[in-house]
Amino acid sequence: MPGLDVMLEKLKILADSAKYDVSCSSSGADRTKTNKMGTAAVSGICHSWSADGRCISLLKILFSNRCVYDCEYCVNRRSADVQRASFEPEELAKLTIEFYKRNYIEGLFLSSAVEVSPDYTAERILKALSLLREKYGFSGYIHAKIIPGVSAELVRQIGMQADRLSVNIELPTKESLAILAPQKKAAGILTPMRQITNTMKEQKSLKGAGNRFSKLKQGNDYLLNGMALPTAVREQEAKYGMVPYDKGSLHRFAPAGQTTQMIIGATPESDRQIIRMSESLYKKFQMKRVYFSAYIPVVSSSKLPALLTPPPLLREHRLYQADWLLRFYGFSAEELLDEDSPFFDLELDPKVTWALRHLELFPLEINKVSMEELLRIPGVGNISAMRIVRQRRLGAVTFDDLKKIGVVVKRARYFITCNGKYYGAGDIASECIRERMLSQEKIRSGLLPREKEEQLSLFGSERRNLLYEPKEAARGLLV
Amino acid sequence: MDYLYDGSFEGFLCCIYAHYYKKRAEGIYPENHYQRTMLQPFFIVETEAEKAEKVYKAIQNKISNASLQRVYKAFLSNDIQKETKLLNYLVLGFRIGKKVDALHSETVVYQVQQLEHKVAAEQHRLLGLVRFSAIEGKKEKDKEKDKEKDISSDAGRHILYSAIEPDHNILELIADHFAQRFPEETFIMHDIKREKALFCQNGDWYLGHLRKELTYAVSEDELEYRKLWKKYFNSIAITERTNADCQKRCMPVRYWKNLTEFHSYP
Ligand code: SF4
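Residues numbered from 1 in each chain as written. Chains lettered and ligands numbered in written order. Predicted model: local features only at pLDDT ≥ 70, side-chain atom pairs only at ≥ 80, totals over all residues. Heavy atoms only, no water.

Observations concerning the environment of B:Leu160
Thought 1: Assignment of secondary structure puts B:Leu160 in strand β5 (residues 159–164).
Thought 2: Using a relative accessible area of 0% as the deciding quantity, one classes B:Leu160 as buried.
Thought 3: Separated by 28 residues in sequence, B:Leu160 and B:Phe132 have C-alpha atoms that sit 5.6 Å apart.
Thought 4: Among residues more than four places away in sequence, those in contact with B:Leu160 are A:Lys101, B:Phe132, B:Ser133, B:Ala134, B:Glu185, B:Thr186, B:Phe187 and B:Ile188. (Helix = DSSP H or I, 4+ residues; strand = E, 2+ residues; numbered from the N terminus. Buried < 20%, exposed > 50% of the residue type's maximum accessible area, 1.4 Å probe, protein only. Contact = heavy atoms within 4.5 Å.)

Right, here's the structure in full:
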């Protein structure tokens, strides 16, 4: 190990460059195999919360930020003037195990810039992961990023060590990708994605996203906003087949599945394009999650939003809510946004937006409608819908029961009847409801004083910072 | 009539027994926290394993396993009314059976459910909000310590030590999680507030008494890892998104004093 000061410096540089990566989830892997140290908990555990209010679960870090690529939007691109550092595989393995032992972290989330070449970087990452697993006997959670263009054999070997893999799609369309990340080719991204999906299919561990209500079943060819695999690659794949998965091995290939990430707001795509893209990714590759990352301008470029443009955090939040609707509420992208209105209403959550555009379907009678219909009512979540159904067997659910069941009554009341009675006060005219919901929504975002009683959030775990402080950001960027 | 008991779960179950076989209880309280008044007569219930066992089985068989677990979890809460709330819950449960599990709209059920929910929430939260320090295996002076003797014989290797101060009595609820996580380590989790600790070695654990003040020497590189962790913690925050309210909402300040990242190191 080098001296403490060197390690502190490396840690600072490489954590700093990794922090815009959004995925923090550490759930979903069940690596029960007992080893020297570690379990991958089935439900995610947060170990701390950083000053920005985000949960720290994994040691989220870059292996290196010495990049040979020049992606327009990235702080670490080749032409940027920043401090550079790389870990040695042993350093990183030791750091991870020592942090884990002290219960600082739930596991490792390792990404990297392209140092020398995709394969060179991948080999060093593989070395670090093998040390961690074999020398230190670590069986906690590992999420590894696959750099576009890495060879199939390395993807396979990294997959045998990691619990989760992700290849970032980066941008919602082929055109944007060509402009902003010219060295990353759509094929270089989609090829490892497909390899990961196929390998999991082979070992029968491909689960995909969502719950039993989601409609993200596997389909054939979906439009990926122009990012289809070129035929040449398909043929090549068919010819060589998948790199075989080694059945005798103790390890399994990426048991926690595959995720990806898309940058929001750096390019002009509509919400509809973004949501349809993520639906396609769910269907085509059976992704576990598609993450969004509001673009924070870190570089000055004519191809990108100006430096002081606030990151579209509220938009990112709406997209996450919509993603939730795809995965757990049985909505499809097409239903949520059509060609005439390709953006979400920033002021309302997408479920309310949808309901207001379909008032003809409401009100729904709480004591009669199906589970699927209950899930479409704003203010009713998966758990409360399940509780309603369960309690209906014992007797009619009354309006007063709804709150105890966990329904956000203030929101739901406009869309339901309970034992035939409507509690929405007045008629169900779209504008008037919108007005009232809007003032509630503002309260929720902290723009208006909050009422004493805490509201149950419909999207509890996805709730994040909605208030953006332009001054703060400006300071952060100028210094 | 108020029933007083020794504060153990078994003792509480014996109060339920007495409620049915002796005299109706209006309230149940641990004897060391009870405010005696002239107006309310009270009775001290002896803890007897046999009676406790009977009530335990009765809850399991006549109500449900889910309710038994709920009662146990709620019992670990720090709510001063918990015993009385649990009494009301069990009375209803013995009357209507398994149905009580899902009767969310009934106040008696709702109250116990809230207790259970709070305990479970803290249980989950503490899985993350525990920080271990590597300390020297050989104890310097605490030789008189009763049971952890066999731990100090483990000289040369370090021990992991953590101090926690949870609101609820959740130590035993998180024991298995950590025992599985560190199958080859020796570790102590010390609930300072309640002066008890979880001692774990090679995956086996037990609970014992451990007084508040302890002296121990941290191992050589402990300070380095604390500094590295703190550096990481500070570097990972995105300045543009600073949101102290959100941070405090997710991780209430009362937990901070036992968290490595909030201390300063020379
Ligand atoms: S490959 Fe592109 S996005 Fe990744 S570190 Fe290099 S420049 Fe940044």
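Here we look at the pattern of salt bridges
All names here are of chain A.
Thought 1: All chains considered together, the criterion is met by 32 salt bridges over all chains.
Thought 2: When the shortest N-O distance is used, the salt bridge between Arg272 and Glu334 registers 3.2 Å. On the criterion of sequence distance, the pair formed by Arg272 in helix α8 (residues 271–285) and Glu334 in helix α10 (residues 333–336) is long-range, its members being 62 residues apart.
Thought 3: Residue class for Arg272 comes out buried when judged on its relative accessible area of 8%. (Salt bridge = Lys/Arg side-chain N within 4 Å of Asp/Glu carboxyl O.)

Points about α8(A)
Thought 1: Under the 1.5 Å per step criterion, the end-to-end length of α8(A) is 21 Å for 15 residues, consistent within 8% with the ideal 21 Å.
Thought 2: A:Gln286 sits one or two positions beyond α8(A) and adopts a positive phi of about 50°. (Expected span 1.5 Å × (residues − 1).)

Examining the interface of chain B and chain A
Thought 1: On the chain A side, the residues contacting the 51 residues of chain B number 60 residues.
Thought 2: Interface area for chain B against chain A, summed over the two sides, is near 5300 Å², with a carbon-plus-sulfur share of 61%.
Thought 3: Contact with chain A buries area across many residues of chain B, yet B:Arg181, B:Glu240 and B:Arg241 alone supply 17% of it, more than any other trio.
Thought 4: Taken together, the links from chain B to chain A amount to two salt bridges.
Thought 5: Elements represented by at least two residues in the side of chain B that touches chain A include exactly α5 (107–128), α7 (171–181), α8 (222–235) and α9 (244–250) of chain B.
Thought 6: Its residues assigned to classes, the side of chain B that touches chain A comprises 24 nonpolar, 13 polar and 14 charged. (Buried area = accessible area lost by both parts, 1.4 Å probe. Nonpolar A, V, L, I, M, F, W, Y, C, P; charged D, E, K, R; others polar.)

Focus: the state of the cysteines
All names here are of chain A.
Thought 1: Tallying each qualifying case throughout the model produces one disulfide over all chains.
Thought 2: Two residues, Cys46 and Cys55, share a disulfide whose sulfurs are 2.4 Å apart. The sign of the S-S torsion, about -100°, decides the handedness of the disulfide formed by Cys46 and Cys55: left-handed.
Thought 3: Residue Cys46 is classed as partly exposed on the basis of its relative accessible area of 22%. (Disulfide = S-S within 2.5 Å.)

A short note on the nonpolar core
Thought 1: Judged by nonpolar contacts, the single largest core of 162 residues is most densely connected at A:Ile61, A:Phe99, A:Ile377, A:Leu402 and B:Met189.
Thought 2: Sequence-distant contacts of A:Leu402, that is, excluding residues within four places in its chain, are made with A:Ile366, A:Ile388, A:Val397, A:Val407, A:Val409, A:Ile416 and A:Cys418. (Core = buried A, V, L, I, M, F, W, Y, C linked by side-chain atoms within 4.5 Å.)

Some points on unusual backbone geometry
All names here are of chain A.
Thought 1: The residue after Phe362, namely Pro363, is reached through a cis peptide bond having omega -5°.
Thought 2: Among the structural elements, Pro363 can be located in the loop between α11 (350–357) and β9 (364–365).
Thought 3: Look at Asn103: it is not a glycine, yet its phi comes out positive at around 60°.

Comments concerning a negative patch on the surface
Residue and element names in this part refer to chain B.
Thought 1: On the surface, a cluster of negative charge is contributed by Asp6, Glu10, Glu31 and Glu46.
Thought 2: Tracing the backbone through its elements, the reader meets Glu46 in the loop between β3 (42–44) and α2 (49–63).
Thought 3: Glu46 gets classed as exposed once you look at its relative accessible area, which sits at 57%. (Patch = residues over 30% accessible without salt bridge, like charges linked within 9 Å, V, L, I, M, F, W, Y side chains within 5 Å. Areas by Shrake-Rupley, 256 points an atom, 1.4 Å probe, with all protein chains shown as cover. Lys, Arg positive; Asp, Glu negative; His and termini not counted. Charge placed at Lys NZ, Arg CZ, Asp CG, Glu CD.)

Describing the side chain of A:Arg102
Thought 1: On the secondary structure map, A:Arg102 appears in the loop between α2 (89–101) and β4 (107–111).
Thought 2: For A:Arg102, a relative accessible area of 0% gives the class buried.
Thought 3: At 2.7 Å, the side chain of A:Arg102 forms a polar contact with the side chain of A:Glu98.
Thought 4: Setting aside its immediate chain neighbours within four residues, A:Arg102 contacts B:Val130, B:Arg131, B:Phe132, B:Ala134, B:Asp221, B:Glu222 and B:Tyr225. (Polar contact = N/O pair within 3.5 Å; in protein donor to acceptor, adjacent residues only side chain to side chain.)

With respect to the pairing of strand β8 (residues 289–294) of chain A
All names here are of chain A.
Thought 1: With respect to burial, β8 is a largely interior element, six of its six residues being buried.
Thought 2: Residues Arg289, Tyr291 and Ser293 point to one face of β8 and Val290, Phe292 and Ala294 to the other, with burial holding for every one of them.
Thought 3: Here six bridges tie strand β7 (residues 258–264) to β8, and the two strands are oriented parallel to one another. Across the sheet, the residue bridging to Ile264 is Ala294, located in β8.
Thought 4: For the crossover that starts at β7, traverses α8 and ends in the parallel β8, the hand is right-handed. (Pairing = 2+ DSSP bridges. Right-handed = clockwise from strand over helix to strand, strands pointing away.)

Here's the deal with the confidence of the model for chain B
Residues and elements named next belong to chain B.
Thought 1: Taken over all residues, the pLDDT of chain B has a mean of 86, while the share at 70 or more is 91%.
Thought 2: Taken together, the stretch residues 140–144 has pLDDT below 50 and engages in seven contacts with residues farther than four places along the chain or on a different chain.
Thought 3: Scored below 50 in pLDDT, residues 151–155 shows 11 contacts in the model against residues more than four places distant or in partner chains.
Thought 4: Of the two predicted TM-score estimates for the complex, the pTM is 0.81 and the ipTM is 0.87. (pLDDT = per-residue confidence, 0-100.)

Looking at the packing of helix α4 (residues 152–161) of chain A against helix α6 (residues 186–202) of chain A
Residue and element names in this part refer to chain A.
Thought 1: At a minimum axis separation of 11 Å, α4 and α6 run at an interaxial angle of 50°. Taken together, the axes of α4 and α6 lie oblique to each other. Crossing handedness for the pair α4 and α6: right-handed. For the pair formed by α4 and α6, the contact residues are Ala152, Val155 and Arg156 on the first element and Pro192, Gln195 and Ile196 on the second. (Axes fitted to C-alpha atoms, helices over the stretch in contact; angles between N-to-C directions. Parallel < 35°, antiparallel > 145°, perpendicular 65-115°, else oblique. Left-handed = near helix turned anticlockwise from the far one by under 90°.)

Observations regarding the site of the ligand
Thought 1: The ligand sits among A:Cys67, A:Tyr69, A:Cys71, A:Cys74, A:Arg77, A:Ala113, A:Val114 and A:Lys184.
Thought 2: Looking at side-chain class alone, the shell around the ligand contains six nonpolar, no polar and two charged residues. (Near = heavy atom within 4 Å.)

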